[in-house]
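Structural description and commentary
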Amino acid sequence: MSDFNPTPQASAASALIGDPSAFGRVGEDGTVFVRTSSGEKAVGSYPGKTAEEALAYFVRKFELLAAEVALLAARIKSGALVPSDAYAAVKKLREQVKELNGVGDLDALSASVEQIEPLIEGHREAYEAKKAAETAAKSARREQILVEKEKIVAEAESLALSESWKVTGDRLKVLLDEWKSAPRLDKKADADLWKRFSSSRNKFDKRRRTHFAALESVQKVVVDAKKAIIEEAEKLATSTEWVPTAKRFKALMDAWKAAGRGKPSDDAKLWARFKAAQDQFFTAKNADLEKRDTTMAANLIKREELVVQIEALLPITNLDQAKKALRDHLNAWSKIGMTHRDKRASLDARVHAVESVIKEAEAEIWRKTDPAAKARAAEVVKQLTDSIESYEKIAAKSEAAGNAKKASEARESAAARKVWLAEAEKGLAEFS
């Protein structure tokens, strides 16, 4: 196999040191050589590969190191590298160039490395300026982050005593997300701010838990009270004792209002049960009242017709017939069902007026036919007659004796009793 000398080709390192492949060849035995100012040097072989592939392999090794040299120079010029780190990097590259088994202009590559050190001092000012700018930017950024986190902490602290549980809880979650997404400060500053932020959140959470624990306790009392009301209401729902039950439902409604508010969802369910029981009762009550209104209207007509017949018994022509007819009418009156009180009162008064007339007539007849009463009247007439005769005798005796005064008193007493006797005789005459 003849020696292989490739044609020049462009490569990544050609801008720095020309075409690396121009400095190499491949011997007949496959050994790859590199040309230097000191002569050729064997750099290795690549068994199983063609001469082109073997040479390309060692050229790539050269190009990789040349690229590192170019990159280091660029970083130093930009001020991105710390001078001490740059000196260490140059030292390392110098050793790598000495030990490199690659194909390329090794002398030029070595010279390029040696040209880097002067760049370090020449661009130290650029590094310092960049470092200062970065420090200033970092400080400004820190101040900005500090302001943002202080703002988050201050808002959290202002919310620690809030009683708008839902709104504040949601806002604290948002603030926590903002805290997590905010860049970190130094460990101490972050820890101090987090302590304040966490303390505010914990204070609010503790107050909220205490509030809802107390609220739950109160709500349990409210629920128990309302369940007891509902149980009674459901028992009363089928009652037909309209007046007392209606009054009891009003009392239950007052008790419901006094029980207070529970959890809205529970309150709604409990109220639905209570209202259902209440509606059941009052619907039945109203239906019964409508039915009774119809019945009482019909009963009113019956009473109005019957009271006319009762009043027709006056004036009395035959007491016995009037009494019998009244008994029959009153029996029918009592059998008529309910009538509205306000309308029945006047009808009852008309009936009672007829009853009173008949009772008075009956009493008058009894008075005139009572034997005992007649005997008492006759006795009074006899007593008065005897008394008059006695006084007249006394008057005659007194005159005969010449006692005019006593005779006059006896005649006055006799005259007074004659008046009483006339009235007594009239009373006795009524019994005839």
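Let us look at the structure shown here.

This paragraph deals with the pattern of salt bridges. For the structure shown, the criterion picks out 30 salt bridges. Between Asp190 and Lys149 there is a salt bridge, with the nearest N and O atoms lying 2.8 Å from each other. Taken as a pair, Asp190 in helix α8 (residues 187-236) and Lys149 in helix α6 (residues 124-159) lie far apart in primary sequence, 41 residues in all. The exposure class assigned to Asp190 is buried, which follows from its relative accessible area of 6%. Among the ionic pairs, Lys188 bridges to Asp192, the shortest N-O distance being 2.9 Å. Of this pair, Lys188 and Asp192 both sit in helix α8, 4 residues apart, which is roughly one turn of that helix. The class for Asp192 is partly exposed, based on a relative accessible area of 38%.

Helix α14 (residues 404-429) packs onto helix α13 (residues 371-400) with a crossing angle of 160° between their chain directions and a minimal axis gap of 8 Å. With respect to α14, the axis of α13 lies roughly antiparallel. For the pair α13 and α14, the crossing hand works out as left-handed. Counted by class, the contact of α13 with α14 contains 16 nonpolar, 4 polar and 8 charged residues.

Looking now at the sheet that holds strand β1 (residues 24-26). Strands sit in the order β1-β2-β3 across an open sheet of 3 strands; the sheet is antiparallel. Edge positions in the sheet fall to β1 and β3 (39-45), since each of these pairs with one other strand and no more. Direction aside, the axes of adjacent strands within the sheet are offset by 30° on average. Pairing between strand β2 (residues 31-36) and β3: 6 bridges, direction antiparallel. Residue pairing across strands places Thr31 opposite Ser45, the latter belonging to β3. On the sheet, helix α2 (residues 51-78) packs against β1, β2 and β3 and is oriented at approximately 145° with respect to β1.

Bridge count between β1 and β2: 3 bridges; the pairing is antiparallel. Looking across to β2, one finds that Gly24 is bridged to Val34. Hairpin connection from β1 to β2: 4 residues lie between these consecutive antiparallel strands, with Gly30 at a positive phi of about 90°. Where β2 folds back on β3, the antiparallel hairpin that results is connected by 2 residues.

Cut-off values and rules
- Residues numbered from 1 in each chain as written.
- Predicted model: local features only at pLDDT ≥ 70, side-chain atom pairs only at ≥ 80, totals over all residues.
- Heavy atoms only, no water.
- Salt bridge = Lys/Arg side-chain N within 4 Å of Asp/Glu carboxyl O.
- Helix = DSSP H or I, 4+ residues; strand = E, 2+ residues; numbered from the N terminus.
- Buried < 20%, exposed > 50% of the residue type's maximum accessible area, 1.4 Å probe, protein only.
- Axes fitted to C-alpha atoms, helices over the stretch in contact; angles between N-to-C directions.
- Parallel < 35°, antiparallel > 145°, perpendicular 65-115°, else oblique.
- Left-handed = near helix turned anticlockwise from the far one by under 90°.
- Nonpolar A, V, L, I, M, F, W, Y, C, P; charged D, E, K, R; others polar.
- Pairing = 2+ DSSP bridges.
- Contact = heavy atoms within 4.5 Å.

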